[in-house]
Every structure is written in structure tokens, then in C-alpha cells.
Amino acid sequence: MTLVREGPFRFRIEPQDRMRVPGVVFATEELLPQAVGDKALEQVVNVATLPGIVRASYAMPDVHWGYGFPIGGVAATDVDAGGVVSPGGVGFDISCGVRLLAAGIDRTSLAPRMRALMDLLGDTVPRGTGRGGLWKLSGRAQMEKLLVEGAGYAVECGHGVARDLERCEDRGALEGADPSHVGQRAVERGLQQVGSLGSGNHFLEVQAVEQVYDAETAAVFGLHTGQVCVMIHCGSRGLGHQVCTDHVRVMDQSLRSFGIQLPDRQLACAPVVSSPGRGYLGAMAAAANYGRANRQLLAEAARHAFAVAAKAGLDLVYDVSHNTAKIETHDVDGVPRRLCVHRKGATLALPPGHPALPEGLVESGHPVLVPGTMGTASYVMVGADGNDAFWSSAHGAGRVWSRHEALRQVRGEQLRGDLESRGISVRPSSWRGLAEEAPDAYKDVDAVARATEGAGLARMVARLVPLGVVKG
DNA sequence: ATGTTC
């Protein structure tokens, strides 16, 4: 494979063999070797062979190896020209995403109450594998309402305020959700988990705005230097995982009937307009809405803890999903086309003035939330003009060590001590889980943010630093 | 990511 530099933050993989489009990798010299080292670029090449793919197979600066598609990968297929949809292009954690809330308190005022706040959050935020959530649903009928209405159903049931929905991507519900394609096992796994973090890289952090790069946009987002924030990173738990598992199986079995040949079976897919394609997209949207309701419930738990322990409110800045496939219209070679845009570990990043932006954010552009790791910064960015990756951006730091390697290198108890000595409170779910998510297991999020801005994918608005971590 | 192997 040959990488050709196209610009200071952009590399190109020329089409070869069965690639239908080039690969485009957004990276710096410092990030690129890590991407090459972990097989992610082979996956960029594999994705470029998918039926109906247009423009390029893209890799964001935080790209790393994933199931079939790389995490940090973006691929769009032409719906009306045989384009496919692939569950591997969304990932197992459908609608995994980030929600940021701005507190009505600054870090200096919170400091004396921080211990009590973290204790309360640690006691009230459900987390870890399995276990229960904050909101027990009564059965399939209630679940179906949640799967169609997403965060809106949570608000309707008293878990939040109407304004929250104005600050959610898609107003909290992805269109086209079809619960009839969500199997009973997925529903059963989901009934007890609404309002829970899960495990892995999921977290709820108390953060502070350390630096503002763009005061005007920060003000539109409701952020200022010194302000306390809450960042929530989680997804669709067992329900989304089961939806992915079920539909990968269906598509794997239908590949032959569509005459699709793949370089990797994990790219299992079907035409968007086919029965398995439509079934998956309906189920995927439903699972996406579960993920959005999940974050809505966790935000309510954070609001309760802040009201009690910090005497402060929390306003939603934004809620974004970074694991989705969405039907969008984009110009391809000057012609508007309906595309199925897979964003797997990639965030929607609409530029200022885009007609799909929610009211109040039309002039600023779409908020891009880039969480780091528990010991490092997170970034608030905003969509920029000139983004040819279907208005997509990075979604986080990106792993460099496998979980196994992290466990070899790091002890959870030691890590907690290190973080506490740096003034970062930690409320872990398990020592093992903590060690697997050690900051050293990830790329440098500052470098990822610089590359994201340098590549023209999004602009920096603010840098947030962690004060306390509730770890999944 | 995941009732971390139906």
C-alpha cells in the first residue's frame, strides 16, 4: 500500500485491485505511523471495495482497528446506485456518543463541594457490564415508544426539559426507526439498562473549561473559561449490541443472493434498498434512539447530583452520536445524490450556515465533541467549511494499545492513585476496566485535535480538563 | 462495545 501526501494533514491511498475509490487519511506525521501500525489502513482499503461507495473511504485522525471497518472511518454509498449498508460500518455500540452539559458554577466555587458531588455521582450512576439502569421499562410496548421517539420519549415521561431536545442531534430521535426489526432478545436486554453507562471507554466526567479558542462560538454554546461541565460518553448497551449481532448474521447469509464479494467477511452488508438493508436501517435507527434516551437519563442523574451537592443547574450544550449510518443528500461530482453515510467513530460536523443545523446553531455550525481519556483533555470543536468527508470529524483520542497490552502495562489501583494525586477524583467500576482505559493506551488527544483542525474537518472552540471521573 | 463464548 502506498500513501501519498496530499497536504500537511492529508494522505491518499490510490485505488488498486478491487478498490472503487481512493482512501483518504487525515493525519500528521506523528499520528500516521500509529495508524499504519494497527492494521486500520488495511481496513480503509477494504471499505473502498464496497458496492456503491462514492468519493473516498475516509479515516479520521483518531483512526484505529475495528470490526470490519476501522473506528474513525467514514464511508458513503449511493442509495440509488446499488449502494450497501453494513452493520460493521456503524459498529456494535450503535449510537454510541457524547453529551456535554454546562454547569451554572465555576471550578473555584465547586472545589469545596467536589468530594460530596463525586460521592453522590459515584453512588447514583449505574455502570459496569450487565447490572441495572435508572429507568425500568414495563415491557415491549413501552420499549417501542422509546425506540421511535428516543430522547423525546424520556422528556415526555418527565426525564428532562423540552429545551434539551433543541440541543440533540436530530432533536433526539433518528428518523426511520422500525422496532419490528428489533428482536425480542435485544428488547429484553434493553429493558433494564436505560440510564446506565456500561463499561469500556464509557464515562461520566466532571470537567472544567481550561481554554477558549473561539470566544464567540463558545458563548453560543454556553461555555466560558473556568466553567464546570459534565461530559457523558455511552451508547445503546446490550440492545444495540444484540441488534448488530442479529443483523450481521442476516446479511452474512444474504451476501451470495446479492452477488456481493468482500475482502473481509466482517464487512457483511446488503443494498440499502433491499429487505435486509431496510430491516437493518430500521433497527439501527431504533437502537440509536435507545442510545439517545440512555444519555438523556444519565444527564438527569447528573442534574440531580449537581442540584443536591453543588446547588447548581446543568444546561445541555449538545448531544452527538458517533456510531451511525444516516441517509443524507450530498453533491457528488456536482449532482445531488441520496447517500447512506456510515460514521463509525466519527462525528457529524456541519459547517456554519448548513440548512440541517438546529435553530440557534445555524451561524455557529455543528458542535463536535471530542472526548480524551480520563487523565487528559477533551475538546469542543465546531464544523468547518471545506470538509469533503461528508461533514465528518474525529470523535476521540483513539486507542494505540490493545486492552490486553494495557493490562500488561498498567495497574488500576496505581492509576487511580496517580490521577487522585493530580487532583482528579476517580470512581471506578472495576480495577481491570480502569487499567484498560489508562491514558497511555490512547493517542495524544491534543495531537488529534490539532490534526482535525489542520485537515479542515472542524475548528477548536474550547479545551476541557477533567476534575472527576465516574468510570464505566 | 458486549449478560467480555450459544
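In what follows, the structure referred to is the one given above.
Because the structure is a prediction, the values reported are computed rather than measured. (Residues numbered from 1 in each chain as written. Chains lettered and ligands numbered in written order. Predicted model: local features only at pLDDT ≥ 70, side-chain atom pairs only at ≥ 80, totals over all residues. Heavy atoms only, no water.)

K.L.:
Quick question: what am I supposed to make of the protein's contact with DNA strand B here?
P.N.:
Around DNA strand B there are 17 residues in total, and Thr129, Arg189, Gly200, Asn201 and Arg403 lie nearest to it. Counting only atoms of DNA strand B within 4 Å of the protein, the fraction found in sugar and phosphate groups is 50%. At 3.1 Å, a side-chain N or O of Gln193 approaches a phosphate oxygen of DNA strand B. One nitrogen or oxygen atom from the main chain of Asn201 is found 2.2 Å from a phosphate oxygen belonging to DNA strand B. Looking at the surface near DNA strand B, the elements that each hand over two or more residues are helix H8 (184-191) and helix H10 (237-254). In terms of residues, the surface near DNA strand B owes the most to one element, H10, which gives three residues. Across the surface near DNA strand B, the residue classes tally to one nonpolar, ten polar and six charged. (Near = heavy atom within 4 Å. Polar contact = N/O pair within 3.5 Å; in protein donor to acceptor, adjacent residues only side chain to side chain. Helix = DSSP H or I, 4+ residues; strand = E, 2+ residues; numbered from the N terminus. Nonpolar A, V, L, I, M, F, W, Y, C, P; charged D, E, K, R; others polar.)

K.L.:
Is there a simple way to explain the pairing of strand E3 (residues 23-26) in this structure?
P.N.:
Strand residues, when the strand is regular, have side chains that alternate between the two faces of the sheet. Along E3, one buried face is formed by Gly23 and Val25 and the opposite face, lined by Val24 and Phe26, is buried too. Strand direction decides the pairing type here: strand E2 (residues 10-13) and E3, joined by four bridges, are antiparallel. Looking at E3, one finds that Ile13 is bridged to Gly23. Bridge count between E3 and strand E4 (residues 53-64): three bridges; the pairing is parallel. Looking at the pairing, Val24 lines up with Tyr58 of E4. (Buried < 20%, exposed > 50% of the residue type's maximum accessible area, 1.4 Å probe, protein only. Pairing = 2+ DSSP bridges.)

K.L.:
What am I meant to see in the pattern of salt bridges here?
P.N.:
Once the charged atoms of two side chains with opposite charge are near each other, the side chains can pair. Applying the stated rule across the entire model yields 29 salt bridges. Residues Arg295 and Asp319 are paired through a salt bridge, measuring 3.0 Å at the closest nitrogen-oxygen approach. A residue pair is termed long-range when its members are at least 10 positions apart, and Arg295 in helix H11 (residues 275-310) and Asp319 in strand E11 (residues 314-321) qualify at 24 residues. Of the charged contacts, one joins Arg343 and Glu328 as a salt bridge, the two residues approaching to 2.9 Å between their closest N and O atoms. Of this pair, Arg343 sits in strand E13 (residues 335-344) while Glu328 sits in strand E12 (residues 323-332), placing them 15 residues apart in sequence. Glu328 shares its class with Arg343; the two are buried. One connected set of salt bridges, linked through shared partners, spans Glu6, Arg10, Arg12, Glu14 and Asp388. (Salt bridge = Lys/Arg side-chain N within 4 Å of Asp/Glu carboxyl O.)

K.L.:
Explain the pairing of E2 here, please?
P.N.:
Of the two faces of E2, the one holding Phe11 and Ile13 is buried and the one holding Arg10 and Arg12 is not buried anywhere. Where strand E1 (residues 3-7) meets E2, four bridges bridge the pair, whose relative direction is antiparallel. Following the sheet pairing, Val4 is matched in E2 by Arg12. Linkage of E1 to E2, two consecutive antiparallel strands, is achieved through a turn of two residues.

K.L.:
I tried to follow the sheet that holds strand E5 (residues 71-78) on my own but got confused; where do I start?
P.N.:
Strand pairing in a sheet takes place through backbone hydrogen bonds and is either antiparallel or parallel in direction. The mixed open sheet is built from seven strands, whose spatial order is E1-E2-E3-E4-E5-E13-E12. This sheet does not close on itself; its edge strands, each paired only once, are E1 and E12. In this sheet, neighbouring strand axes are inclined to one another by 25° on average, regardless of whether the strands run parallel or antiparallel. Sheet topology places E4 next to E5; five bridges connect them, and they run antiparallel. The partner of Val54 across the bridge, within E5, is Ala76. Packing of helix H2 (residues 40-47) onto the sheet brings it into contact with E1, E2, E3, E4 and E5, and relative to E4 it is tilted by some 165°. (Axes fitted to C-alpha atoms, helices over the stretch in contact; angles between N-to-C directions. Contact = heavy atoms within 4.5 Å.)

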